[in-house]
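Letter by letter, the chains look like this.
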Amino acid sequence: ITDFISFLFLYPSTFNLLEVAAIEKPQLHLWETGVIRITRHPQAMGQIMWCGAHAAWLGTSTTVAACSVLVLHHLYSVWHGDRRLEYEHGESFQYIKETTSVIPFQAIIEGRQKLPDDYYTEFLRGPYALVVGGTIAAYFAHPWMMAGAALLRW
């Protein structure tokens, strides 16, 4: 379940596929809706949840080491990203920082962010349907992925 939720955090950048595909120049979007209401750094939080779930499930020293490095990398990216955005966008980013949080749901619990009555409509978007479908497909494909990995003769 944690992996499934982590993918909902990991892929909000897919909302403008023209930017992802480098057809349009990527733009900075300082918004406070959708998953940003829950956490200001959804990709970092999604990756941290994914690493935690995989490290707990597998428990091997290699997995724990790899996940620890990934978590540290994403914690640094949160710090650096906030610092860079504050430098480049000043008051605009300061407002976003005051009304959102890094830790999921913290701003909502503290009353700095309010979920509207129809908040779920912010998540009824095509990219989320693709993420949900892809995550479910990957879950069911894991046995084949593991079997294929076992055939590799590295």
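Quick caveat: nothing in here was measured; it's all calculated off a predicted structure.

1. Re the pattern of salt bridges
Then comes step 1: Taken as a whole and assessed by the stated rule, the structure comprises five salt bridges.
Then comes step 2: For R37, the salt bridge is made with E122, and the minimal N-O distance between the two is 2.8 Å. Here R37 is found in helix α3 (residues 35–38), whereas its partner E122 is found in the loop between α6 (106–110) and α7 (126–151), with 85 residues between them in sequence.
Then comes step 3: Since its relative accessible area comes to 11%, R37 is described here as buried.
Then comes step 4: Between R40 and D82 there is a salt bridge, with the nearest N and O atoms lying 2.8 Å from each other. Residue R40 is found in the loop between α3 and α4 (42–58), and its partner D82 is found in helix α5 (residues 61–99); the two are separated by 42 residues along the sequence.

2. Description of the nonpolar core
Then comes step 1: Grouped together as the largest cluster of nonpolar side chains are eight residues: F9, V35, I36, I38, A44, M45, V78 and Y128.
Then comes step 2: Ranked by the residues each element gives to this core, the list is headed by α3, at three residues.
Then comes step 3: Filtering out sequence-adjacent residues up to four positions away, M45 remains in contact with F9, T39, V78, V102 and P104.

3. Things to note about the packing of helix α1 (residues 2–10) against α4
How two helices sit against one another is set out by the angle between their axes and by the gap between those axes.
Then comes step 1: With their axes 7 Å apart at the nearest point, α1 and α4 run at an angle of 160° to one another. In terms of their interaxial angle, α1 and α4 are classed as roughly antiparallel. Here α1 runs over α4; the crossing is left-handed. In this structure, α1 uses T2, D3, I5, S6, F7, F9 and L10 to contact α4, whose residues at the interface are P42, Q43, M45, G46, Q47, M49, W50, A53 and H54.
Then comes step 2: Partitioning the contact of α1 with α4 into residue classes produces nine nonpolar, six polar and one charged.

4. Some remarks on α1
Then comes step 1: Those residues of α1 not exposed but buried are S6, F9 and L10. Angularly, the buried residues of α1 cover 95° about the axis, an arc narrow enough to put them on a single face.
Then comes step 2: Next to the buried residues of α1 lie α3 and α4.

5. A short note on the packing of α4 against α5
Then comes step 1: At a minimum axis separation of 9 Å, α4 and α5 run at an interaxial angle of 165°. Here α5 runs roughly antiparallel to α4, going by the angle between their axes. α4 and α5 meet at a crossing whose hand is left-handed. Of α5, the residues touching α4 (which contributes Q43, A44, M45, Q47, I48, C51, H54, A55 and L58) are T63, V64, C67, L70, V71, H74, L75, S77 and V78.
Then comes step 2: Of the residues assigned to the contact of α4 with α5, the class counts are twelve nonpolar, six polar and no charged.

Quick notes on the rules
- Residues numbered from 1 in each chain as written.
- Predicted model: local features only at pLDDT ≥ 70, side-chain atom pairs only at ≥ 80, totals over all residues.
- Heavy atoms only, no water.
- Salt bridge = Lys/Arg side-chain N within 4 Å of Asp/Glu carboxyl O.
- Helix = DSSP H or I, 4+ residues; strand = E, 2+ residues; numbered from the N terminus.
- Buried < 20%, exposed > 50% of the residue type's maximum accessible area, 1.4 Å probe, protein only.
- Core = buried A, V, L, I, M, F, W, Y, C linked by side-chain atoms within 4.5 Å.
- Contact = heavy atoms within 4.5 Å.
- Axes fitted to C-alpha atoms, helices over the stretch in contact; angles between N-to-C directions.
- Parallel < 35°, antiparallel > 145°, perpendicular 65-115°, else oblique.
- Left-handed = near helix turned anticlockwise from the far one by under 90°.
- Nonpolar A, V, L, I, M, F, W, Y, C, P; charged D, E, K, R; others polar.
- Arc of directions from axis to C-beta.

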